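Topology and contacts: notes
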Amino acid sequence: MAKKTVATLQTGNEGRTYSKVIKMIKSPKTGAYCFEEKMVPNDDVKAYFK
């Protein structure tokens, strides 16, 4: 049997201080929509979408 290894990036509550946000952006040239993904601190989520 193979041993399963689980890796985590969080230690305590520190790993939950960031959120992955996805913003839909319209291209000015083609008019097509694309998505921008970013890791943002929880305090700056609302400011990111403004």
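In this text, all values refer to a predicted model and were calculated from it rather than measured experimentally. (Residues numbered from 1 in each chain as written. Predicted model: local features only at pLDDT ≥ 70, side-chain atom pairs only at ≥ 80, totals over all residues. Heavy atoms only, no water.)

1. Topic: the confidence of the model for the protein chain
Across the protein chain, pLDDT averages 82, with 70% of residues at or above 70. The least confident element of the protein chain, judged by mean pLDDT, is helix H1 (residues 45-49) at 90; the most confident is strand E2 (residues 33-41) at 93. (pLDDT = per-residue confidence, 0-100. Helix = DSSP H or I, 4+ residues; strand = E, 2+ residues; numbered from the N terminus.)

2. Digging into the pattern of salt bridges
As enumerated under the stated definition, the model contains one salt bridge in all. Here Glu37 makes a salt bridge to Lys20, at a shortest N to O gap of 3.2 Å. With Glu37 in strand E2 and Lys20 in strand E1 (residues 18-26), this pair connects stretches of sequence that are 17 residues apart. (Salt bridge = Lys/Arg side-chain N within 4 Å of Asp/Glu carboxyl O.)

3. What to know about a nonpolar patch on the surface
Residues Ile22, Met24, Tyr33 and Phe35 make up a contiguous nonpolar surface patch of about 480 Å² in total accessible area. Of all elements in the fold, only E1 and E2 reach the threshold of two or more residues within the nonpolar patch. Within the fold, Ile22 resides in strand E1. (Patch = residues over 30% accessible without salt bridge, like charges linked within 9 Å, V, L, I, M, F, W, Y side chains within 5 Å. Areas by Shrake-Rupley, 256 points an atom, 1.4 Å probe, with all protein chains shown as cover.)

4. Brief notes about the environment of Ile22
Ile22 gets classed as partly exposed once you look at its relative accessible area, which sits at 47%. The spatial distance from the C-alpha of Ile22 to the C-alpha of Glu36 is 5.6 Å, given a sequence separation of 14 residues. Those residues in contact with Ile22 that sit more than four places away from it in its chain are Phe35, Glu36, Glu37 and Phe49. (Buried < 20%, exposed > 50% of the residue type's maximum accessible area, 1.4 Å probe, protein only. Contact = heavy atoms within 4.5 Å.)

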